[in-house]
Amino acid sequence: MTTEVQCCNCHFLSKHNVNHRGFESTLTWEAEERKSGLVAEYFSAECAEGVWSARIDPHIKLQDELY
């Protein structure tokens with residue numbers, strides 16, 4: 001299986017959450033989250049433009065490179 005690699009410096013890098021009442025929120029990553037490549041466990045990483053989502057493909061890895 002191929003692992004998709006995304007960029008931690010991307011302007012569209014976002015984190016998505018659905019709370020217990022079904023309310024959805026999409027936020028931008030904080031500077032420390034971008035450095036570590038990690039967000040809180042109740043968020044999932046995704047592209048705000050809809051290109052990819054870790055909710056759909058949990059094998060996505062983040063990479064700190066510009067394309």
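Residues numbered from 1 in each chain as written. Predicted model: local features only at pLDDT ≥ 70, side-chain atom pairs only at ≥ 80, totals over all residues. Heavy atoms only, no water.

Notes on the overall build of the chain
Selection rule: Note on conventions: DSSP H or I runs of at least 4 residues are helices, E runs of at least 2 residues are strands, and numbering of each starts at the N terminus. We call a residue buried when its accessible area falls under 20% of the maximum for its residue type, exposed when it is over 50%, and partly exposed in between, using a 1.4 Å probe and counting protein chains only.
Check the secondary structure of the chain and you find 1 helix and 5 strands. N-terminal to C-terminal, the α/β element order of the chain is β-β-β-α-β-β. For the chain, buried positions account for 28% of its 67 residues.

A closer look at the pairing of strand 4 (residues 44-47)
Cut-off, in case you're wondering: Here, strands pair whenever DSSP counts at least two bridges between them.
Neither face of strand 4 is exposed, since Ser-44 and Glu-46 on one face and Ala-45 and Cys-47 on the opposite face are all buried. Bridge count between strand 2 (residues 13-18) and strand 4: 4 bridges; the pairing is antiparallel. Along strand 4, the bridge assignment pairs Lys-15 with Ala-45.

Structural notes on the environment of Asn-17
So the rule is basically this: When checking whether two residues touch, look at their non-hydrogen atoms; a contact exists if any pair is within 4.5 Å. Under the rule applied, a polar contact is a pair of N or O atoms within 3.5 Å (in protein, one hydrogen donor and one hydrogen acceptor; residues adjacent in sequence only if both atoms are side-chain atoms).
Mapping Asn-17 onto the fold places it in strand 2. Residue classification places Asn-17 among the buried residues on the basis of a relative accessible area of 13%. Residues Asn-17 and Leu-27 lie 10 residues apart in sequence; the distance between their C-alpha atoms is 8.7 Å. Residue contacts for Asn-17: discarding those within four places in its chain leaves Phe-23, Glu-24, Ser-25, Tyr-42 and Phe-43. Engagement of the side chain of Asn-17 in a polar contact is seen with the backbone oxygen of Tyr-42, the distance being 2.6 Å.

What to know about the pattern of salt bridges
What counts is decided by this rule: For this analysis, a salt bridge means a side-chain nitrogen from Lys or Arg found within 4 Å of a carboxyl oxygen belonging to Asp or Glu.
Per the counting criterion, the structure on display carries 3 salt bridges. Close ionic contact of Lys-15 with Glu-33 constitutes a salt bridge, the shortest N to O distance being 2.9 Å. Taken together, the residues span a long stretch of sequence, with Lys-15 in strand 2 and Glu-33 in helix 1 (residues 31-36) at a distance of 18 residues. Of the two residues, Lys-15 and Glu-33, both sit in the buried class.

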